[in-house]
Amino acid sequence: SIGEIDFGLQEGMSSASVLSEMYQIYSSWSVGLIDVGPAGGGETGREVLERIGQSFHSIVKLSGGTSQRHDLVAVSHGQFLRMMLAVALDVPVFRVFTTMQQMNGCINVLDISTTENVTITGDQCNLFGGPFLSRLTGEDFNMTLPKINVIRINEIGHLEGLA
């Protein structure tokens, strides 16, 4: 499922009222504490990452799993998309939540291999702040994904002139 990250009891509340706790959770995930989740339920970082892995594999499955080019459109929410992009780009989670723009209606273009996979391990990736901080997660985290090449991020030219 490519639905938004589940923030449990915070769902439906204004962003302003829960922003501080959201950033605390993202900060925890950024240093490898991926079993942290929102107070009162919701997804942990590990659950979100597992869902991202499943989503990328589902996209490959929808393409028929052949080496032929297939164009697919997937629509999701900003925070989940940021986390997907962090995985695809192997950049720190906190960086995408604090600096990566994802305008409403933007387009991200990813080239997802149907024939090649890569394995991400917590102690070897940049998702959790690089090799030093990733030791908190260590070998406890790994997932195999299709190889992903990010082509464009936050493309908004198609929105010009819309009110």
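Our subject is the structure listed above.
Okay, so let's go over this structure. (Residues numbered from 1 in each chain as written. Predicted model: local features only at pLDDT ≥ 70, side-chain atom pairs only at ≥ 80, totals over all residues. Heavy atoms only, no water.)

### What about a negative patch on the surface?
A cluster of acidic side chains, namely Asp6, Glu11, Glu47 and Glu50, defines a negative patch on the protein surface. Topologically, glutamate 50 is positioned in helix α2 (residues 45-62). (Patch = residues over 30% accessible without salt bridge, like charges linked within 9 Å, V, L, I, M, F, W, Y side chains within 5 Å. Areas by Shrake-Rupley, 256 points an atom, 1.4 Å probe, with all protein chains shown as cover. Salt bridge = Lys/Arg side-chain N within 4 Å of Asp/Glu carboxyl O. Lys, Arg positive; Asp, Glu negative; His and termini not counted. Charge placed at Lys NZ, Arg CZ, Asp CG, Glu CD. Helix = DSSP H or I, 4+ residues; strand = E, 2+ residues; numbered from the N terminus.)

### Things to note about unusual backbone geometry
The bulk of non-glycine residues show a negative phi, and the bulk of peptide bonds are trans. One non-glycine residue, aspartate 90, adopts positive backbone phi at about 55°. Relative to the helices and strands, aspartate 90 resides in the loop between α3 (78-89) and α4 (93-99). Under the relative-accessibility criterion, aspartate 90 is labelled partly exposed at 29%. The backbone phi angle of asparagine 154 is positive, close to 55°, even though this residue is not glycine. Within the secondary structure, asparagine 154 is located in strand β2 (residues 142-155). (Buried < 20%, exposed > 50% of the residue type's maximum accessible area, 1.4 Å probe, protein only.)

### Digging into the pattern of salt bridges
In total, this model carries four salt bridges according to the counting rule given. For arginine 46, the salt bridge is made with aspartate 35, and the minimal N-O distance between the two is 2.7 Å. Of this pair, arginine 46 sits in helix α2 while aspartate 35 is found in the loop between α1 (15-30) and α2, placing the two residues eleven residues apart along the sequence. Exposure remark for arginine 46: the relative accessible area of 16% places this residue in the buried category.

### Observations regarding a nonpolar patch on the surface
Taken together, Leu19, Tyr23 and Phe94 make up a surface patch of nonpolar side chains, about 230 Å² in accessible area. Note on placement: phenylalanine 94 falls in helix α4.

### Details of the environment of glycine 3
Within the secondary structure layout, glycine 3 lies in the segment before α1. Leaving out residues up to four positions away in the same chain, glycine 3 has contacts with Arg51, Ser76, His77 and Phe80. (Contact = heavy atoms within 4.5 Å.)

### Regarding the side chain of serine 63
Here serine 63 is to be found in the loop between α2 and α3. Take serine 63: its relative accessible area is 8%, and that puts it in the buried class. From its side chain, serine 63 meets the backbone oxygen of valine 60 in a polar contact 2.6 Å long. (Polar contact = N/O pair within 3.5 Å; in protein donor to acceptor, adjacent residues only side chain to side chain.)

### Some details on α2
Here α2 is 18 residues long and its end C-alpha atoms lie 25 Å apart, about the 26 Å a rise of 1.5 Å per residue gives. Every buried residue of α2 is listed here: Gly45, Arg46, Val48, Leu49, Arg51, Ile52, Gly53, Ser55, Phe56, Ile59 and Val60. Two residues or fewer after α2 comes glycine 64, characterised by a positive phi angle close to 90°. (Expected span 1.5 Å × (residues − 1).)

### Comments concerning the environment of proline 92
Within the fold, proline 92 resides in the loop between α3 and α4. On the basis of relative accessible area, proline 92 is assigned to the partly exposed category, the value being 28%. Sequence spacing of proline 92 and asparagine 126 is 34 residues, and the spatial spacing of their C-alpha atoms is 5.4 Å. Sequence-distant contacts of proline 92, defined by excluding residues within four places in its chain, comprise Asn126, Leu127 and Gly129.

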